[in-house]
Amino acid sequence: EFKNVSFSYPESSGHCVLENISFKVNSGETLAIIGATGSGKSSLVNLIPRFYDATNGEVLIDGMNVKEYELKALREKIAIVLQKAELYSRSIEENISWSKKGATPTEIKKAAQIAQADDFICNTTYGYYTLVTEGGHSLSGGQKQRVAIAGILAMKPQCIIMDEPTAMLDPRGRREVMKTVKMLNDKFGITVIFITHYMDEAVKAKRVIVMDEGKIVLDGCPREVFTHIDTLKRVGLDVPEATELAMLLNKDGIKIKKDVLDIDELLDCVIGLLEDKN
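Residues numbered from 1 in each chain as written. Predicted model: local features only at pLDDT ≥ 70, side-chain atom pairs only at ≥ 80, totals over all residues. Heavy atoms only, no water.

Draft legend 1. Fine view of the packing of aromatic side chains. For the structure shown, the criterion picks out 4 aromatic pairs. On the numbers, 4.7 Å between centres and 75 degrees between planes, the contact of Phe7 with Tyr9 is edge-to-face. Assessed through its relative accessible area of 2%, Phe7 is described here as buried. Measuring from centroid to centroid gives 5.6 Å for Phe7 and Tyr52, while their planes differ by 55 degrees, and the two rings are tilted. You can see Phe7 sitting in strand β1 (residues 2-7) and its partner Tyr52 sitting in the loop between α1 (41-46) and β4 (56-61), a full 45 residues away along the chain. Look at Tyr52 and you get partly exposed, because its relative accessible area is 34%. What links up through ring pairs into an aromatic cluster is the set Phe7, Tyr9 and Tyr52. A cation over an aromatic ring shows up here: Arg174 above the ring of Tyr198, its NZ or CZ 3.6 Å from the ring centre. (Phe/Tyr/Trp six-rings, centres within 6.5 Å; stacked < 30°, edge-to-face > 60°. Buried < 20%, exposed > 50% of the residue type's maximum accessible area, 1.4 Å probe, protein only. Helix = DSSP H or I, 4+ residues; strand = E, 2+ residues; numbered from the N terminus. Lys NZ or Arg CZ within 6 Å of the ring centre and 35° of its normal.)

Structural data, given as structure tokens:
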């Protein structure tokens, strides 16, 4: 929970990066945070694991101010995935063990088995490498991110924060990582907060927050948020193409749902409309 949080970087001469932010994230939510470059997204999530401390207000986890946690305990609750995963060139299992220093061999092997069983590292359909024997240097960007997430599984966090985890990936790598995010939430109930510039990723979250100039301008489910096309464009964001096309069709008198989120939904609406006319 953020309670009236404001933040300025120490070297910024008092310039407010975040201004009076208040919101809660419930256990088990998937929250996408979107906004133009410089809107305050990364600054916001960096306050949760205490990379920085709020200038004013409080950041709470389970009702307790983050400043009251020992950093080790905080890191065990909150795990971070950055834009680019850096791996050893040795076995993938060693990369997992590095993510949780001090983990027992049993814990490491269990995390490796979970990763393998849940098909977010090994997938023979796409010719992925075996989990234990191949070095991390052999993997694609998407596979490396998924190995990093496998290491996080060994830590058993309550929440994973992902700062543009797909920004440097090709479309297939992006799909791999987002499939993993969904699995972590669906199967393990892990709360996921992720920053993205891709609207087709944001629509897959249960909730979306839109930021502009250090403030929250929209907060709700994707269907609600992405109908505010004028607001989103005003703050420098795109909307899903299917959503924008549905709105334009409505403006031209073709009455279909305005809150479609992807091409499959739009296609269903158009087919239904044609069937009705026939």
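Draft legend 2. Structural view of the layout of surface pockets. By volume, the second largest pocket is sized at about 450 Å³. Lining the second largest pocket are 20 residues, and of these Glu1, Val25, Leu60, Ile61 and Asp62 lie nearest its centre. When contributions to the lining of the second largest pocket are tallied by element, the ones reaching two or more residues are β4 and β8 (191-195). The element contributing the most residues to the lining of the second largest pocket is β4, with 3 residues. (1 Å grid on protein atoms, 1.4 Å probe; cavity = no way out; pocket = protein on both sides within 12 Å on 5 of 7 lines; lining within 4 Å. Points joined across faces, edges and corners; volume = space filled by probe spheres on them.)

Draft legend 3. Spotlight on the pattern of salt bridges. Applying the stated criterion across every chain, the model contains 12 salt bridges. Between Lys77 and Asp62 there is a salt bridge, with the nearest N and O atoms lying 2.9 Å from each other. Here Asp62 lies in the loop between β4 and β5 (64-65) and Lys77 lies in helix α2 (residues 71-77), a separation of 15 residues in the sequence. For Asp62, a relative accessible area of 57% translates into the label exposed. (Salt bridge = Lys/Arg side-chain N within 4 Å of Asp/Glu carboxyl O.)

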